[in-house]
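Fold and contact review
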Amino acid sequence: MMDKLPHTFYRRRFVDGRHHVFHSYGFGRVVRNDAELLVYDWSLGTPQRITDTLGWGSDAPRTRLFDQRASRAFGRSWWWRSRPLNITSMYDERGNLIVQRIDFASKAMDISGSFYQTDLYLDCFVAANGTTHVVEDEDEVIEAEEVGLLSQAQRVMIETELDT
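One structure accompanies this document, and this report is about it. (Residues numbered from 1 in each chain as written. Predicted model: local features only at pLDDT ≥ 70, side-chain atom pairs only at ≥ 80, totals over all residues. Heavy atoms only, no water.)

1. Some details on the environment of G26
Stated precisely, the cut-off is as follows: Helix and strand definitions here come from DSSP, where helices need a minimum of 4 consecutive H or I residues and strands a minimum of 2 consecutive E residues; each element is numbered from the N-terminal end. Exposure is judged per residue with a 1.4 Å probe applied to protein chains only, and the accessible area is read against the type maximum: over 50% gives exposed, under 20% gives buried, and values in between give partly exposed.
For G26, the position within the fold is in strand β2 (residues 19-33). Judged by its relative accessible area of 11%, G26 falls in the buried class. For G26 and M2, which are 24 residues apart along the polypeptide, the C-alpha to C-alpha distance reads 9.7 Å.

Structural data, given as structure tokens:
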């Protein structure tokens, strides 16, 4: 059964002042939506609009734990209202897990049924085997704190969550 998914807005800030917003919406399946957590499934065909105010991306190379040629057919996303992160699991057309991406972010805010988060720089990718992982952007965490985009309390919060 397909549900109309809530609009989600994920803001990514760069230390040079640029930012972009990932706006996802469309149809999928709402698995859970309560005071703690929004969980939803989406297909690769779910619309996304990406708005970038001052140019795309940071041109930083990314390490990946999966074959880029893998067909990403659908995914499941978790947006916590009480934890500083969201998780996206991506699956192939046969339902096999390809990779999990953990984005450390502000706690999800529900405003009139739409969800908002701001990226807190640190990312973690976990391979399908559940044990192999890569942590990225620790340098951005340090730089963001130095320029005032990330507080010391936020840094401690995401590092504590990473340990978890």
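2. Comments concerning the packing of helix α1 (residues 138-146) against helix α2 (residues 152-163)
The line we're drawing: To obtain each axis, a line is fitted to C-alpha atoms, and for helices this fit is confined to the stretch in contact; angles are then taken between N-to-C directions over 0 to 180 degrees. Orientation labels follow simple angle bins: below 35 degrees gives roughly parallel, above 145 gives roughly antiparallel, 65 to 115 gives roughly perpendicular, and whatever is left gives oblique. Put simply, a crossing is left-handed when the front helix is turned counterclockwise from the back one by less than a right angle, and right-handed when it is turned clockwise. Between two residues, a contact is recorded if the distance between any of their heavy atoms is within 4.5 Å.
At a minimum axis separation of 10 Å, α1 and α2 run at an interaxial angle of 160 degrees. The angle between the axes of α1 and α2 places the two elements in the roughly antiparallel class. α2 is crossed by α1, and the crossing has right-handed handedness. Listed contacts from α2 to V141, I142 and E145 of α1 are Q152, R155 and I158.

3. Focus: the layout of surface pockets
The condition that has to hold: Two kinds of site are reported from a 1 Å grid over the protein atoms alone, namely cavities, where a 1.4 Å probe fits but cannot get out, and pockets, open sets with protein on both sides within 12 Å along at least five of seven lines, and residues are called lining when an atom falls within 4 Å of a point. Grid points are joined across faces, edges and corners, and a volume is the space filled by probe spheres set on the points.
Put simply, the second largest pocket is a space of about 230 Å³. Lining the second largest pocket are 16 residues; nearest its centre among them are I102, C124, V126, L162 and T164. Looking at the lining of the second largest pocket, the elements with two or more residues in it are β6 (85-91), β7 (97-105), β9 (114-127) and α2. Broken down by element, the residue count for the lining of the second largest pocket peaks at four residues, all from β7.

4. Comments concerning the nonpolar core
Note the following rule: Only buried Ala, Val, Leu, Ile, Met, Phe, Trp, Tyr and Cys residues count toward a nonpolar core, and they belong to the same one when joined by side-chain atoms within 4.5 Å.
Membership of the largest hydrophobic core comes to 17 residues, with the highest contact counts inside it found for I102, F104, L150 and I158. Only β3 (37-43), β5 (74-80), β6, β7, β9 and α1 provide two or more residues apiece to this core. Here this core gets five residues from one element, more than from any other, and that element is β9. When residues no more than four places from it in sequence are discounted, the contact partners of L150 are L120, Y121, V141, A144, E145, R155 and I158.

5. A short note on a nonpolar patch on the surface
Filter applied, for reference: Like-charged residues within 9 Å of one another, or nonpolar side chains (Val, Leu, Ile, Met, Phe, Trp, Tyr) within 5 Å, are grouped into patches, provided each residue has over 30% relative accessible area and no salt bridge. Per-residue accessibility takes into account occlusion by the displayed protein chains alone, with areas from the Shrake-Rupley method and a 1.4 Å probe. By salt bridge we mean one thing: a side-chain nitrogen of Lys or Arg within 4 Å of a carboxyl oxygen of Asp or Glu.
A cluster of nonpolar side chains, namely M109, I111 and Y116, defines an oily patch on the protein surface of about 270 Å² accessible area. By secondary structure assignment, the location of I111 is in strand β8 (residues 109-111).

6. Some remarks on the packing of aromatic side chains
For clarity, the threshold we go by: Working definition: rings of Phe, Tyr and Trp (its six-membered ring) pair if their centres are within 6.5 Å, and the pair is stacked with planes under 30 degrees apart, edge-to-face with planes over 60 apart, and tilted otherwise. Only when the NZ atom of a Lys or the CZ atom of an Arg is both within 6 Å of the ring centre and within 35 degrees of the ring normal do we say a charge sits over the ring.
Taken as a whole, this structure holds three aromatic pairs when the rule is applied. Arranged with centres 6.3 Å apart and planes meeting at 80 degrees, the rings of Y10 and W79 form a pair that is edge-to-face. Of this pair, Y10 sits in strand β1 (residues 3-13) while W79 sits in strand β5, and the two are 69 residues apart along the sequence. A cation over an aromatic ring shows up here: R18 above the ring of F14, its NZ or CZ 4.6 Å from the ring centre. Note that R83 overlies the ring of W80, its terminal NZ or CZ placed 4.8 Å from the centroid.

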